[in-house]
Every structure is written in C-alpha cells, then in structure tokens.
Amino acid sequence: MNISANNNNHGPRIKEVIITPIAIVDPPLLNAAGLHAPYALRTIVEIITDDNITGISEIPGNAAINEALESAGQMIIGKDPFQLNQIREKLTNSFGKEHISERGLTPWDQRKLVHIFSSIEVACLDIIGKVIERPVVDLLGGKLRDRVPFAAYLFYKPEGAGGKLEFKTDEHATGWAKARQASAVNPAEMVEQAKAMCKEFGFKSIKLKAGVYEPQVEIDTMFALHKEFGPDIPLRIDPNGVWEVETAIKYGRMLKPIIEYLEDPVRGQENMAIVGKELQIPLATNMCTTSFDDIPNSIKVHSEDIILSDHHFWGGLHASMGLAAICETFGRDLSMHSNSHLGISLAAMVHLGAALPNLRYALDTHYPWQSDEVIIGGRLKFEDGAVKVPEGPGLGVELDREALAALHQNYIDCGLTKRDDEIEMQKIEPGWKFKAVRW
Ligand code: GKR
Ligand code: MG
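Here the structure is a predicted model, which means the values were calculated and not measured. (Residues numbered from 1 in each chain as written. Chains lettered and ligands numbered in written order. Predicted model: local features only at pLDDT ≥ 70, side-chain atom pairs only at ≥ 80, totals over all residues. Heavy atoms only, no water.)

Caption draft 1: Examining the nonpolar core more closely. Ranked by internal contacts, the top residues of the largest apolar core, which has 125 residues, are I47, F150 and I206. The dominant element in this core, judged by the number of residues it contributes, is helix 3 (residues 113-132), at ten residues. A domain-level breakdown of this core finds at least three residues from each of domain 1 (2-134 + 402-413) and domain 2 (139-394). Discounting residues that sit within four places of it in the chain, I206 has contacts with A152, L154, A194, C198, L225, F229, I233, P234, L235 and R236. (Core = buried A, V, L, I, M, F, W, Y, C linked by side-chain atoms within 4.5 Å. Buried < 20%, exposed > 50% of the residue type's maximum accessible area, 1.4 Å probe, protein only. Helix = DSSP H or I, 4+ residues; strand = E, 2+ residues; numbered from the N terminus. Domains from an automatic or database assignment. Contact = heavy atoms within 4.5 Å.)

Written out as structure tokens, the structure is:
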C-alpha cells in the first residue's frame with residue numbers, strides 16, 4: 001500500500017507513507033480475554049522524505065487501524081516531519097476527538113487515533129534523528145540511563161489451541177527454549193518458566209499475567225515464585241480487572257507481604273481507589289487510567305500509584321514524556337505496559353525508558369515470547385534484564401526487507417484481521433465467554 005506525492009518545497013517533506021501489516025508467531029498465552037491466537041498482528045509504518053530518508057515505526061495492528069492509517073498517510077504527504085504539532089493538529093481536526101469509551105473492555109487499547117499518532121510520530125522522530133544525526137532519546141530531552149530494565153512476564157500456557165507450540169520441534173531443547181515450548185498451568189510449572197526466563201534474559205523482577213484461573217490458584221503461583229526467588233526479586237500480578245472489589249481486597253491482603261505492586265486488580269478508577277485505600281499497597285494500571293482525559297479523576301480519587309504507559313496507546317513518545325511530567329507533579333510513578341511486539345517497538349520503548357525521570361520499576365515486555373524479527377541484525381539482546389539504548393541516529397534500528405515481506409505474507413495467509421482471544425479460547429473451552437469481571 002503506497003501513498004505518495006511529489007513536491008518541490010525546501011527542506012525535508014514527507015513524500016511517501018508505506019503501511020505494511022504483518023503477522024508474527026505468538027505462543028498460546030492465556031489472559032483474562034481468552035487465549036492468544038497463533039499470530040499477533042502488528043503494522044509497520046515507513047515514512048519517506050523527498051530526500052529519501054526513511055523513518056519507521058511499529059504498532060499493534062488491526063484492519064480498522066490500518067484503514068484509518070491509510071487516510072492519515074494521505075493527509076501528511078507534503079508535510080515537514082519536524083512539524084509534529086502541525087501534523088497532530090491536522091490529524092485531530094480530520095479524525096475528531098476519540099472518546100475514552102472507544103478503548104473497549106479488553107486488556108489492550110482499541111482506540112485508533114492514539115495508534116495513528118504514535119506510529120506517525122515515532123517514524124518522524126526516526127527521520128529527525130537521522131537528519132540531525134542524534135538518537136531519538138536526545139529528542140526527548142536526553143539520556144538518563146544507558147540501559148533500560150525489563151521484567152520477566154509470565155503467562156499460563158495451555159496445550160490444545162493457539163500457536164502450535166512450534167518450539168516442540170526440538171525434543172532436546174533445554175532452558176528457555178524448553179520453557180517456551182512447554183505448557184505451564186500450575187504453580188510448579190510457572191516457577192520453571194520463571195527460572196528459565198530469568199536465567200536466559202537476566203530479569204530481576206517478575207510479573208504474572210493473572211485473571212485466568214480462580215484467584216487462589218494464581219495466589220499459590222505467586223507464593224511459589226516468592227519461595228523460589230526470595231525477597232530480592234520483586235513480584236507483580238495483573239488480573240486485568242476481572243476481580244470483584246471484595247476478591248481483590250481478600251487476595252491483596254495475602255499478597256501484600258510479597259509484591260511490589262498489584263496491577264489492575266479491579267475495573268474502574270473508583271473501584272481501584274477503594275482497593276488501594278483498603279490495602280495500602282501500590283496499585284498500577286494500564287486499564288483504568290489510559291488517556292489524558294482520565295487524569296483529573298485519577299488524581300481526584302487516587303485510583304493508582306503507577307501508570308503503565310504505552311506509547312502506542314498514549315499517542316507517541318512526546319505524549320508519554322508529557323505523562324511523565326504529570327506523574328512527577330502528582331507523585332505518581334510511571335512504568336510501561338506491553339503487548340506482543342517486535343524490535344522496532346522495543347527500540348522506541350528503550351529510547352523513551354532512557355529519557356524518563358524516576359524510573360523505579362522494570363518495564364513490561366512480551367518480547368521474549370516472540371521469535372520473529374523485522375529488523376536488520378535480528379533480535380535485540382537483553383543483558384542482565386536490560387536493553388542498551390540503540391546507538392546510531394534515530395531509533396537505531398533498520399528494516400530487514402526480506403523479513404518484512406515474509407511477515408507480511410504471514411498476515412495474508414493467516415487471515416486474521418484483529419485480535420480476538422475469545423475465539424481462540426473457545427477452541428479449548430467451547431462456549432467460553434469473555435467477562436469484564438469474573439471472580
Ligand atoms: O498479551 O495477553 C496479553 C496481555 O494481557 C496484554 O494484552 C495486556 O494488555 O500485557 C497487558 C497488560 O499488562 O494488561
Ligand atoms: Mg496490565
């Protein structure tokens with residue numbers, strides 16, 4: 001899909017926007033919305049200037065976002081990529097304001113505009129960095145750290161549907177390769193998953209994706225992790241808002257001595273505030289305070305202590321820096337949320353993470369669960385649980401065209417047009433239905 005125009009103006013101007021939907025192999029990860037399908041959808045955006053500088057970005061993909069992105073691409077042809085405020089204004093005026101309710105009830109954000117802003121902004125920042133020969137982190141005010149820490153992100157993983165546990169091809173696999181291919185549904189298996197992941201990547205904090213089983217099972221997993229790793233490895237648990245307030249208070253009391261924070265135990269800012277007040281432990285969210293419009297009430301009721309931002313959902317890197325300033329002003333912490341993703345998103349997260357003040361918590365990432373990559377040089381490395389800020393101008397990563405073509409072919413072949421974990425879940429539990437609140 002190419003959208004292009006010629007112009008003869010001075011200075012760099014956007015001459016072409018290329019939008020490529022891709023599908024990446026995803027393991028069968030369980031979460032409150034169901035089960036991950038065999039492929040996760042991402043969209044790769046390339047913005048090319050009239051002097052042939054290309055900026056890239058990656059966002060969660062679906063057909064509706066891609067369609068809107070096509071029109072957005074047309075609107076920015078001829079624009080100066082440095083004029084991000086004008087670009088944003090133009091897009092806002094054309095698309096209109098997006099209401100928070102459009103986020104939806106799923107653990108991930110379903111709004112279109114924020115994704116579009118994010119993809120265009122990050123690709124333009126990549127261009128700007130290349131023009132002035134500085135890394136993106138320098139466009140965000142500069143580096144406060146050279147390495148950005150991430151947390152191990154554990155998932156219950158059944159057999160029988162979702163991705164075909166393709167790693168099973170290697171019977172002799174050990175360590176992380178084995179843990180990735182193994183199903184994991186009980187506390188002992190989750191401890192094995194955590195040990196393998198932490199050993200491979202050096203993670204020093206652990207998050208459990210919960211909201212899958214009856215809460216006591218998940219609490220048992222947390223205590224098994226605590227027993228194995230001891231008090232020096234901070235633990236978090238995220239049931240994606242499917243607990244009732246009473247459930248969250250009951251299990252939150254048990255968890256209090258062993259967790260650094262409780263993520264989205266319940267749904268809605270008011271309920272979060274009740275739980276936080278009762279438990280007196282830090283609460284984190286990527287579900288109840290997810291946009292600037294949510295901030296006034298968040299401050300008023302104190303719905304959370306840590307906002308898990310996500311540049312794909314908050315409208316880009318500058319917007320995330322703006323969020324960081326708000327958090328600093330009101331004594332909140334800021335960390336990062338993640339969905340299945342590749343190295344372009346990871347690079348953008350690392351540039352942002354390096355620029356954020358007061359980064360007290362290791363960021364989330366699904367990256368270890370992915371096996372595909374779309375950047376030259378292959379998958380980015382974690383050392384001691386952290387990723388080094390990429391060197392080189394812009395994002396510091398470049399598209400591998402062959403890999404892009406192959407992953408685009410996956411998109412065409414797999415036939416998926418949006419994430420729907422409920423459908424995949426029904427393959428192992430016929431009739432299973434997503435419930436906004438389950439326990
Ligand atoms: O990938 O299944 C998943 C996660 O549940 C994801 O969709 C969430 O958005 O990781 C996310 C979270 O922290 O809520
Ligand atoms: Mg979460």
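Caption draft 2: Here's a closer look at the site of ligand 1. Ligand 1 sits among 17 residues. The nearest are H36, Y153, N240, H337 and N339. In the environment of ligand 1, an oxygen atom lies 2.7 Å from a nitrogen or oxygen atom belonging to the side chain of N339. Alone, ligand 1 offers 340 Å² of accessible surface; in the complex the protein occludes 100% of this. When its residues are assigned to classes, the shell around ligand 1 shows four nonpolar, eight polar and five charged. Taken domain by domain, the makeup of the shell around ligand 1 includes at least three residues from each of domain 1 (2-134 + 402-413) and domain 2 (139-394). (Near = heavy atom within 4 Å. Polar contact = N/O pair within 3.5 Å; in protein donor to acceptor, adjacent residues only side chain to side chain. Areas by Shrake-Rupley, 256 points an atom, 1.4 Å probe, with all protein chains shown as cover. Nonpolar A, V, L, I, M, F, W, Y, C, P; charged D, E, K, R; others polar.)

Caption draft 3: Expanded view of the sheet that holds strand 8 (residues 152-154). The seven strands lie next to each other as 8-9-10-11-12-13-14, forming an open sheet whose pairing is parallel. The open sheet terminates on both sides in strands that have one partner only, identified here as strand 8 and strand 14 (333-336). Pairs of neighbouring strands in the sheet enclose a mean axial angle of 25°, with direction left out of account. Two strands pair when backbone bridges link them, and strand 11 (residues 261-263) and strand 12 (residues 283-285) are joined in this way by two bridges, in the parallel orientation. (Pairing = 2+ DSSP bridges. Axes fitted to C-alpha atoms, helices over the stretch in contact; angles between N-to-C directions.)

Caption draft 4: Representation of the domain arrangement of the chain. For the chain, the domain assignment lists domain 1 (2-134 + 402-413) and domain 2 (139-394). Here the C-alpha centroids of domain 1 and domain 2 sit 24 Å apart. With 50 residues of domain 1 at the interface, the matching set in domain 2 holds 51 residues. Where domain 1 abuts domain 2, roughly 4,000 Å² becomes buried across the two surfaces, and 66% of that area is made up of carbon and sulfur atoms. Summed over the three residues of domain 1 that lose the most area to domain 2, namely P28, L30 and E58, the buried surface amounts to 16% of that side. Seen at the junction of domain 1 and domain 2, the total is one salt bridge. Here domain 1 is connected to domain 2 by 21 residue pairs in polar contact (both at pLDDT 80 or more). The set of elements that each furnish at least two residues to the side of domain 1 that touches domain 2 consists of strand 2 (14-25), strand 3 (30-31), strand 5 (39-49), strand 6 (54-60), helix 2 (84-95), helix 3 and helix 14 (401-414). For the side of domain 1 that touches domain 2, the leading source of residues is helix 3, giving twelve residues. Residues that form the side of domain 1 that touches domain 2 fall into these classes: 30 nonpolar, seven polar and 13 charged. (Buried area = accessible area lost by both parts, 1.4 Å probe. Salt bridge = Lys/Arg side-chain N within 4 Å of Asp/Glu carboxyl O.)

Caption draft 5: The arrangement of the confidence of the model for the chain in detail. In this model, the chain carries a mean pLDDT of 94, and residues with pLDDT of at least 70 account for 96%. Across residues 4-8 the pLDDT falls below 50, and counting only partners more than four positions away or on other chains, this stretch makes nine contacts in the model. (pLDDT = per-residue confidence, 0-100.)

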